[in-house]
Amino acid sequence: MSWGTELWDQYDNLAIHTNKGIEFLDKYANFIRDRLAIETEYATKLRRLVKNYQPKKKEEEDNEFTSCQAFRKVLNEISDLAGQREVVAESLQLQIIQGISLLSKTLRDERKKCLSNGTYLHQNLTTQLAALDRAKRNYEKAYRDSEKAVDNYKKADMDLNLSRAEVERYKNIMTAKIQQSDDAKNEYANQLQKSNNLQQQHYHELLPEVFNRLQELDEKRTRGIREFIIGAADVESSVAPIIARCLEGMVKAGESINEKEDSYKVIERYQSGFTPPSDIPFEDLSKLDTLDSSQESHFNHVQSSHLTVKGTISANKIKKRVGIFNIFGGNKQQKIIEACITMKNSLTADGQKEDFSDLPPNQRRKKLQAKIGELQQKIQQETAARDGLMKMKVVYEANSSLGNPMTVEGQLNESEHKLEKLKMDLKKYQGYLEKANQIPMANNSPQANRTSSMNNGHRSSRHSNGSTEDNNYDGDFQPDDAGSLSSSASPESGLGTSHTSLPGSGHGSAHENAMGEDAYYETEMEPLQPLGTCRALYPFEATSEGSIPMNEGEELQVIEIDQGDGWTRVRRMNNSNGWDEGFVPTSYIECTLYA
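Presented here is a report on the structure given in the accompanying data block. Source: prediction; values computed, not measured.

Thresholds applied
- Residues numbered from 1 in each chain as written.
- Predicted model: local features only at pLDDT ≥ 70, side-chain atom pairs only at ≥ 80, totals over all residues.
- Heavy atoms only, no water.
- Phe/Tyr/Trp six-rings, centres within 6.5 Å; stacked < 30°, edge-to-face > 60°.
- Helix = DSSP H or I, 4+ residues; strand = E, 2+ residues; numbered from the N terminus.
- Buried < 20%, exposed > 50% of the residue type's maximum accessible area, 1.4 Å probe, protein only.
- Lys NZ or Arg CZ within 6 Å of the ring centre and 35° of its normal.
- Core = buried A, V, L, I, M, F, W, Y, C linked by side-chain atoms within 4.5 Å.
- Contact = heavy atoms within 4.5 Å.

A closer look at the packing of aromatic side chains
Scanning the entire structure with this criterion turns up nine aromatic pairs. Here the aromatic rings of Tyr 139 and Tyr 143 are separated by 6.2 Å at their centres, their planes lie at 40 degrees, and the arrangement is tilted. Of this pair, Tyr 139 and Tyr 143 both sit in helix H3 (residues 66-158), four residues apart, which is roughly one turn of that helix. Judged by relative accessible area, Tyr 139 falls into the buried class, the value being 18%. Taking the relative accessible area as the measure of exposure, Tyr 143 reaches 39% and is therefore partly exposed. Here the aromatic rings of Phe 540 and Trp 567 are separated by 6.2 Å at their centres, their planes lie at 70 degrees, and the arrangement is edge-to-face. With Phe 540 in the loop between strand E5 (532-536) and strand E6 (555-560) and Trp 567 in strand E7 (residues 567-574), this pair connects stretches of sequence that are 27 residues apart. By relative accessible area, which is 13% here, Trp 567 ends up buried. Put simply, the rings of Tyr 538, Phe 540, Trp 567 and Tyr 588 touch in pairs and so form one group of aromatic residues. Taking NZ or CZ as reference, Arg 169 lies 4.8 Å from the ring centre of Tyr 170, over its face.

Structure below.
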């Protein structure tokens, strides 16, 4: 079935239909463009999502966990998935959009040509039919005129009153009109034959050819839409295997997560190496010496006048002793400042000590081992670079046309210096590691220090005022466990291993003053000058005597630096009693020491 035979009289409707078909093709092209934009936007947002959730450099330590590694693999698969969406968008642009644009342009041009040809044919047929109509009207007029002339002649011939000449004139008129009628008839017959031939050719040959051409164009458009829809699906299916592999990769990444392995890595990361504290010994108050009662009275007087339970300063006058303890005098402050400056210069870029002695034993060994591995790798690289320079120098010496061996000499010397420095650093850190391996795990534990001090013969008795008194007095100066500002190394005691603590403020000073020794005297002494300031990185709850709580971001004064036990002594203003002093974990604060 063809449009030329079935729709011979539907020229206008076919013109409208073909125009709507091309507009539908353009509409499908717009649909593909919108989908392309969505695919591009989707790929862009996926890539932005992957970028936003990429692990930060400060989170590199967390990448060792299987869950983090799996998430990083998922991000990579999402990035690949975004790439496939970009491939889909690009293929739609190149294969579908451009194909539709080319087909639409071709169809419009061909349709315009066909419609122009059809219009021309219609104009020719209309012109011929108009000529036929004129010929017919002329023939009708000539025929009526001839009939009238015949009637006039007959009347004149029967009229006896008319002359012969007058009758002859009517006869001539009749003859002329009959001849004109015959000529008009012949012209009408000719025009009718032409019109019928043209009309036959128009509706059976010329116009069907135009309609069939329009039918071919419309079928080509329909076929093109079919191919484009299938092509768009093929574009999608071509990336489907890769997308499926991306999804399989995500599944494998999820299956690779091992909760037991992550738990073990948490232990490896945070294990300090300290041993739990031993049992606290029983304090038998019934076996105290009678000497303690007299010492207690004097000590309570001194304690209530000068120190609080935690060892903080609560008065302007404190006991100061000289003699062998004069290291706590005026020059000590300058020495401590110099030591702080030296320690500050020995810190690494991340604020840790060079030998990582501020870390727990287990973490310190791990850091040192990692540093040694890094140095060994750098030594291997630098050694390979040096060997390459040496080979280059030998080649240049053998063939001077290739280059001047002296140009390599400077690089070789620089490489030797770097290699020597790396070896020295490696030896230094190997010494640090050997030293760290020799230190017992419990030595740096504050709990162990407290237990050790309690197990080494120091027995204390707690009185009604909350102070404690050392009963291991042997005539020498013995610092108290909780009341002295220069007591044992434990922050639990409230003091730590302080070399800048206030001397003479503990029980030993009270005992010796009660015994009348001349080596001590009373004087007025200002509180310790701050060595710097610090800011709390994390909140800390004071769980033991001698430590003080702090809030995140709180500013404090540093009055005693870390002595290697992981605790720093700080001070804050207190509206109730003037100042609060105590110990906080060094790793919880960020210090800024005065120059």
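Looking at the nonpolar core
Core analysis: the largest hydrophobic core is formed by 40 residues, its most contacted members being Leu 92 and Phe 211. Secondary structure elements with two or more residues in this core: helix H2 (11-52), H3 and helix H4 (164-255). In terms of residues, this core owes the most to one element, H3, which gives 15 residues. Not counting the four nearest positions on each side in its chain, Phe 211 is found in contact with Trp 3, Gly 4, Leu 7, Trp 8, Gln 10, Tyr 11 and Leu 14.

Brief notes about the environment of Lys 371
By the secondary structure assignment, Lys 371 is in helix H8 (residues 361-398). Look at Lys 371 and you get partly exposed, because its relative accessible area is 25%. Once the C-alpha coordinates of Lys 371 and Tyr 429 are considered, the two residues, 58 residues apart in sequence, prove to be 7.5 Å apart.

Shape descriptors only; they carry no functional weight alone.
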